[in-house]
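Here is how the chains run, residue by residue.
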Amino acid sequence: MRASRVLPAAFALALTADLGCLAGGFHPGHVVAKVLLMPLLALWAARAGGPRLLVAALLCGWGGDVLLLSDADPAFMAGMACFAAGHVCYLVLFRRHGPPRARAGVLAVGYAAALVTLVALLWPDLPPGLRVPVAGYSTLLTAMAYTAVTRLGPVAGLGGALFMLSDTLIATGVADWPQLPRPDFWIMLTYAAGQFLLVRGTLDARPAPATAYREGRQSTL
């Protein structure tokens, strides 16, 4: 029980430090704080009895975080591959939670429309070598976010949507679109919040242990 409180608090502290460093332009502090975020979430998920695929998805995100600290093009591609692997882990995990919930068809249309619109708008401004990889990655990310909301519910769904927003901010930067002040601040805020909500939504969606069910049945007899 103590770990279930300490680790999320440690994550919140690391995120606050990271956002403060980004707002103040202190890059070394950002580097240190950023690489702590996903390991803290992964440790929380593991200590809380979360599925291995959840931990794997977070560790893939950590790999992407580390790689994206470099400005080199190969590091960007490798980082995108790490995040794509994380989305595959999430997809497989979320699909284990039964069939899609109500209004899945309506949501599918909305997510598909958002994907097509975004890729179509970004396509002319992306470097030619990144157009197909970004389109493929965006499709995988959108599928993850859609599956999160339709299989797990609103908490995980919001997490997936924030993850989409974070990566959209990155893509618009790559396309050299006008950016918000301190764009890295907003990218990290939406990304970290999205990952946290995906973990929270996954842990909340777990079925009650069989022992707890038996104890509840016995107490009513």
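First things first, this report covers the structure right here in the doc. (Residues numbered from 1 in each chain as written. Predicted model: local features only at pLDDT ≥ 70, side-chain atom pairs only at ≥ 80, totals over all residues. Heavy atoms only, no water.)

Notes on the packing of helix H7 (residues 154–174) against helix H8 (residues 183–204)
Taken N-terminus to C-terminus, the directions of H7 and H8 make an angle of 155 degrees; their axes are 7 Å apart at the nearest point. Judged by the angle between their axes, H7 and H8 are roughly antiparallel. Here H7 runs over H8; the crossing is left-handed. Across the interface between the two elements, Val155, Ala156, Leu158, Gly159, Gly160, Leu162, Phe163, Leu165, Ser166, Leu169 and Ile170 of H7 pack against Trp186, Ile187, Thr190, Tyr191, Ala193, Gly194, Gln195, Leu197, Leu198, Arg200 and Gly201 of H8. Grouping the amino acids of the contact of H7 with H8 by side-chain chemistry returns 14 nonpolar, 7 polar and 1 charged. (Axes fitted to C-alpha atoms, helices over the stretch in contact; angles between N-to-C directions. Helix = DSSP H or I, 4+ residues; strand = E, 2+ residues; numbered from the N terminus. Parallel < 35°, antiparallel > 145°, perpendicular 65-115°, else oblique. Left-handed = near helix turned anticlockwise from the far one by under 90°. Contact = heavy atoms within 4.5 Å. Nonpolar A, V, L, I, M, F, W, Y, C, P; charged D, E, K, R; others polar.)

Side note on the layout of surface pockets
Within this model, the largest pocket holds a volume of roughly 780 Å³. Elements with a contribution of two residues or more to the lining of the largest pocket: helix H1 (2–24), helix H2 (27–47), helix H4 (73–94), H7 and H8. Per element, the largest residue contribution to the lining of the largest pocket is 7 residues, and it comes from H7. Residues belonging to the lining of the largest pocket are distributed by class as follows: 19 nonpolar, 7 polar and 7 charged. Taken as a whole, the second largest pocket spans an internal volume of roughly 310 Å³. Lining the second largest pocket we find 20 residues, and of these Tyr137, Ser138, Asp167, Thr168 and Ala171 sit closest to its centre. Looking at the lining of the second largest pocket, the elements that each hand over two or more residues are H4, helix H5 (104–122), helix H6 (128–151) and H7. Among the elements that take part in the lining of the second largest pocket, H7 stands out by supplying 6 residues, more than any other. Tallied by class, the residues present in the lining of the second largest pocket amount to 15 nonpolar, 4 polar and 1 charged. (1 Å grid on protein atoms, 1.4 Å probe; cavity = no way out; pocket = protein on both sides within 12 Å on 5 of 7 lines; lining within 4 Å. Points joined across faces, edges and corners; volume = space filled by probe spheres on them.)

Brief notes about the packing of aromatic side chains
To describe a pair of aromatic rings, one takes the distance between the centres and the angle between the planes. Counted by the stated rule, this structure contains 8 aromatic pairs. Geometrically, the ring pair formed by phenylalanine 11 and phenylalanine 196 is stacked, given 5.8 Å between the ring centres and 10 degrees between the ring planes. Pair noted here: phenylalanine 11 is in helix H1 and phenylalanine 196 is in helix H8, with a separation of 185 residues, a long-range link. Since its relative accessible area comes to 4%, phenylalanine 11 is described here as buried. For the pair tyrosine 90 and phenylalanine 94, a centre-to-centre distance of 5.3 Å together with 25 degrees between the ring planes defines the contact as stacked. Taken together, the positions of tyrosine 90 and phenylalanine 94, both in helix H4 and 4 residues apart, correspond to about one turn of that helix. A residue is classified by how much of its surface remains accessible, and tyrosine 90, at 1% relative accessible area, is buried. (Phe/Tyr/Trp six-rings, centres within 6.5 Å; stacked < 30°, edge-to-face > 60°. Buried < 20%, exposed > 50% of the residue type's maximum accessible area, 1.4 Å probe, protein only.)

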